[in-house]
Amino acid sequence: MLKPKSMEKIFIYGTKDNSKAIIAELYSLGALHIIEHRKTEGLDIGTPHDTAALCSSALVQLRSIASFLKVNLNEGVKQIQGGLKSRVRIIEQIHSRVMAINSKKQINEGELRKLEQDRRTATIAKEFGISNKLLQGTKHLEMFLGQIKNNNGKNGLHEHLDKITKRYEMKKLEQHSTILVYVDKTKTEEVANLLSRYAFQPLNVRDLVSAVSTESFLKQLESAEKRLQKENQGLDKEAEGLKKEYSGFLVESERLFKEEIERAQAPLKFAETKYSFAVQGFIPTDRYDEVRRKLAAKFKGIYIQDIEIGHDESVPIKLQNPKISSPFEFLMRLYTLPNYKELDPTSIMFITFPMLFGFMVGDWGYGLLLLALFLVLRGKIKAGRQLFDIMIAASISTMIFGFIFGEFFGFEQLLGHHLPTLLVRSDTENINTILMISLIIGVIHINFGLLLGFINEFHHHGFWHAFIAKISWMILQAGALLILLKFNLAGGIIMALAAILLVIGEGVRGIIELPSIFGNILSYARLMALILAGVQMAVIINKFAVQFWSSGSIGGIIAGVCLLVFGHIINIALSVMGPFLHSLRLHYVEFFSKFYTGGGKEYRPFGTKE
Amino acid sequence: MVVEIGTGLVALSAGAAIIGTAFAAAIAEKGIGTAVVGAMAEKEELFGKGLILTVIPETLVIFGLVVAILIIGMAAA
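Residues numbered from 1 in each chain as written. Chains lettered and ligands numbered in written order. Predicted model: local features only at pLDDT ≥ 70, side-chain atom pairs only at ≥ 80, totals over all residues. Heavy atoms only, no water.

Asks: Teacher, can you tell me more about the overall build of chain A here?
Replies: Helices and strands together make up the secondary structure of chain A, namely 19 helices and twelve strands. Computed over its C-alpha atoms, the radius of gyration of chain A comes to 40 Å, more than 25% above the 25 Å expected for a compact globule of 610 residues. The burial tally for chain A puts 46% of its 610 residues in the buried class. Pairs at least 24 apart in sequence give 80% of the contacts found in chain A among residues at least 6 apart. Put simply, chain A shows about 32,500 Å² of open surface, and 61% of that area lies on carbon and sulfur atoms. Looking at charge distribution, chain A has the averaged site of its 71 positive side-chain charges lying 4 Å from that of its 59 negative ones. (Helix = DSSP H or I, 4+ residues; strand = E, 2+ residues; numbered from the N terminus. Rg over C-alpha atoms; globule rule 2.2 N^0.38 Å. Buried < 20%, exposed > 50% of the residue type's maximum accessible area, 1.4 Å probe, protein only. Contact = heavy atoms within 4.5 Å. Areas by Shrake-Rupley, 256 points an atom, 1.4 Å probe, with all protein chains shown as cover. Lys, Arg positive; Asp, Glu negative; His and termini not counted. Charge placed at Lys NZ, Arg CZ, Asp CG, Glu CD.)

Structure, rendered in structure tokens:
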């Protein structure tokens with residue numbers, strides 16, 4: 001419970017012709033945490049199997065199909081049979097069909113856009129009231145039809161044209177800012193230059209001119225549009241059909257390909273020679289025999305060796321805690337996982353974290369509300385389940401401390417009865433008592449940490465080292481306690497002794513660090529600070545609300561209720577954030593610094609999903 | 001309400017203890033917070049450690065609070 005799962009190191013050596021089968025077996029066993037082999041002079045890393053490239057490219061195709069057909073690849077999986085190769089073939093077929101649909105659709109859309117432009121040109125020609133055949137220009141006349149920017153002054157264009165030639169005709173459609181100009185062919189170039197200054201954009205009239213009349217052209221456009229739209233509908237239907245037929249297949253294939261790629265690329269982590277390969281890794285002790293037996297029974301040319309775990313070797317960490325305290329592993333991951341040699345404090349945090357939280361909030365009305373809130377959230381949001389489990393434990397502890405302090409939403413009496421209480425927190429007379437309790441909690445918590453540190457050091461470096469590194473801190477505190485109780489001489493001697501031990505243990509740094517232990521203990525005064533803030537806030541809210549109520553008027557009662565509801569909502573929000581962070585901090589900084597190193601890497605066995 | 005000058009001075013000095021430490025904590029947290037957000041942009045997993053580092057200077061203001069309470073306590077005695 002207090003230790004990470006015990007691991008064994010294994011060395012597997014096999015011939016290359018076996019490698020695919022051995023990898024498949026290891027994958028299905030899902031127990032081996034592979035140590036990546038780094039390329040050395042003698043031993044290269046392995047080459048991935050040929051299926052890796054095949055599956056990777058198929059996966060790319062599959063994903064593009066899925067995005068086109070809008071298939072959600074994370075949806076549930078139907079079991080469909082079929083080998084890898086046949087799957088790749090089917091995917092290639094679907095891919096080419098999807099690509100055909102896609103390109104056809106794009107062409108159609110381009111044509112639809114052109115139809116829209118032609119329709120616009122035709123409408124403009126209609127508004128000019130000019131026959132479509134005249135839009136071509138004649139033997140002596142050049143025609144300009146197009147849009148210009150209007151902001152250059154309304155009459156400017158006329159004046160400029162006048163300067164070039166008198167032999168011209170211009171019409172203008174204000175609402176489209178479109179102009180139609182006929183001009184003597186000899187002046188074409190000059191007029192074109194002039195128009196380009198007005199950002200002239202000619203309309204394409206070629207199709208319109210070749211039609212019989214503007215009306216018949218518009219009719220043609222309409223029928224062409226209908227045809228294209230119908231075609232697009234057909235394409236959409238085809239895509240829909242493909243989606244219906246293959247979405248299950250695609251989802252399943254994606255999973256299979258991903259797995260196959262993982263297997264096929266596994267040799268990249270292996271050491272390899274021309275005919276053989278070798279892989280090192282960690283297996284949890286309780287599965288070690290099973291893995292060994294299965295591998296040895298299944299394969300002939302395989303050699304398995306147990307390796308002693310080195311002293312400073314980084315062993316993958318799998319935390320093992322009872323189900324009830326395992327949510328608190330979340331808090332360990334947030335900080336850093338323990339290393340292989342030290343204690344896993346998850347189950348300790350399961351007790352101490354809610355205690356500190358509850359001590360700070362300590363109101364059974366708040367506790368009840370928070371409990372209900374987090375139970376609901378836990379059901380609703382799957383991703384945050386661990387965090388909500390932690391908060392549920394904290395809420396229960398809040399309720400327990402609420403009974404001890406006799407508080408219900410800041411009220412200390414209910415229906416005229418005083419709630420039973422051990423300590424009235426809202427009374428300012430009691431601040432010093434609460435401060436003392438907070439510091440005593442600190443002393444207990446920190447010394448518990450030192451004790452855990454002693455155990456860690458004892459396993460690592462032996463008794464004497466553990467003694468000077470951890471117990472001397474306790475002796476130092478004992479000396480300080482004696483001085484507080486006015487035994488100055490004895491206290492001084494004991495503290496000096498502890499200081500000497502620390503210097504032996506940690507060198508000059510020990511002296512510099514001496515005051516830190518008292519700083520750490522004083523840091524637990526935050527328990528009192530947060531209690532003070534939370535409780536006084538609740539009391540003030542209640543006091544004002546009662547004042548509003550006792551005014552008797554309807555407005556007063558409504559204001560009182562509003563104040564009560566919103567005030568307590570805000571106070572609860574603050575009461576969750578503050579105590580949560582500070583309880584966490586007291587653990588991470590004050591508690592963990594006494595025994596915890598951390599830095600463990602998570603155990604990720606080959607063949608399991610994250 | 002007439003308050004004796006001594007009482008006022010006690011209140012002021014208790015306030016000063018909080019003011020000073022609160023400013024100190026704020027300045028320290030400002031620097032750490034900025035750096036942590038920067039580090040987190042590079043590496044998301046640093047959230048836990050960043051959080052801890054950010055709240056470390058909070059201890060300063062706690063000390064201030066303790067001192068303030070001690071001042072008031074001494075004055076009352």
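Asks: Help me out: how do you make sense of the interface of chain B and chain A in this one?
Replies: In many analyses, interface size is given as the accessible surface area lost on bringing the parts together. Each side of the interface is counted separately: chain B has 14 residues, and chain A has 19 residues. Note on chain B versus chain A: buried area summed over both sides is about 1,400 Å², and carbon and sulfur give 82% of it. The largest contributions to the chain B side of the interface with chain A come from Ile-52, Ile-62 and Ile-69 of chain B, which together make up 32% of the buried area. Along the contact surface separating chain B from chain A lie zero salt bridges. (Buried area = accessible area lost by both parts, 1.4 Å probe. Salt bridge = Lys/Arg side-chain N within 4 Å of Asp/Glu carboxyl O.)

Asks: I'm lost on the environment of Leu-268 of chain A in this one. Help?
Replies: All names here are of chain A. Take Leu-268: it is sitting in the loop between α7 (214–265) and β8 (271–272). Taking the C-alpha atoms as reference points, Leu-268 and Phe-299, 31 residues apart in sequence, are found 21 Å from one another. Apart from residues lying up to four places away in sequence, Leu-268 is in contact with Ile-45, Gly-46 and Pro-48.

Asks: Please clarify how the packing of aromatic side chains should be interpreted in this entry.
Replies: The geometry of an aromatic ring pair is captured by two quantities: the separation of the ring centres and the angle between the planes. All names here are of chain A. Across all of its chains, the model carries 30 aromatic pairs over all chains by this definition. Measuring from centroid to centroid gives 4.7 Å for Trp-364 and Phe-408, while their planes differ by 55 degrees, and the two rings are tilted. With Trp-364 in helix α11 (residues 364–380) and Phe-408 in the loop between α12 (385–405) and β11 (413–414), this pair connects stretches of sequence that are 44 residues apart. Between the aromatic rings of Phe-374 and Phe-388, the centroid separation amounts to 6.1 Å while the plane-to-plane angle is 35 degrees, which identifies the pairing as tilted. Taken together, the residues span a long stretch of sequence, with Phe-374 in helix α11 and Phe-388 in helix α12 at a distance of 14 residues. Just as Phe-374 is buried, Phe-388 falls in that class too. Clustering of aromatic rings is evident, with ring pairs tying together Tyr-335, Phe-448, Tyr-588, Phe-591, Phe-592, Phe-595 and Tyr-596. The ring centre of Tyr-27 lies 4.7 Å from the NZ or CZ of Arg-263, which sits over that ring. (Phe/Tyr/Trp six-rings, centres within 6.5 Å; stacked < 30°, edge-to-face > 60°. Lys NZ or Arg CZ within 6 Å of the ring centre and 35° of its normal.)

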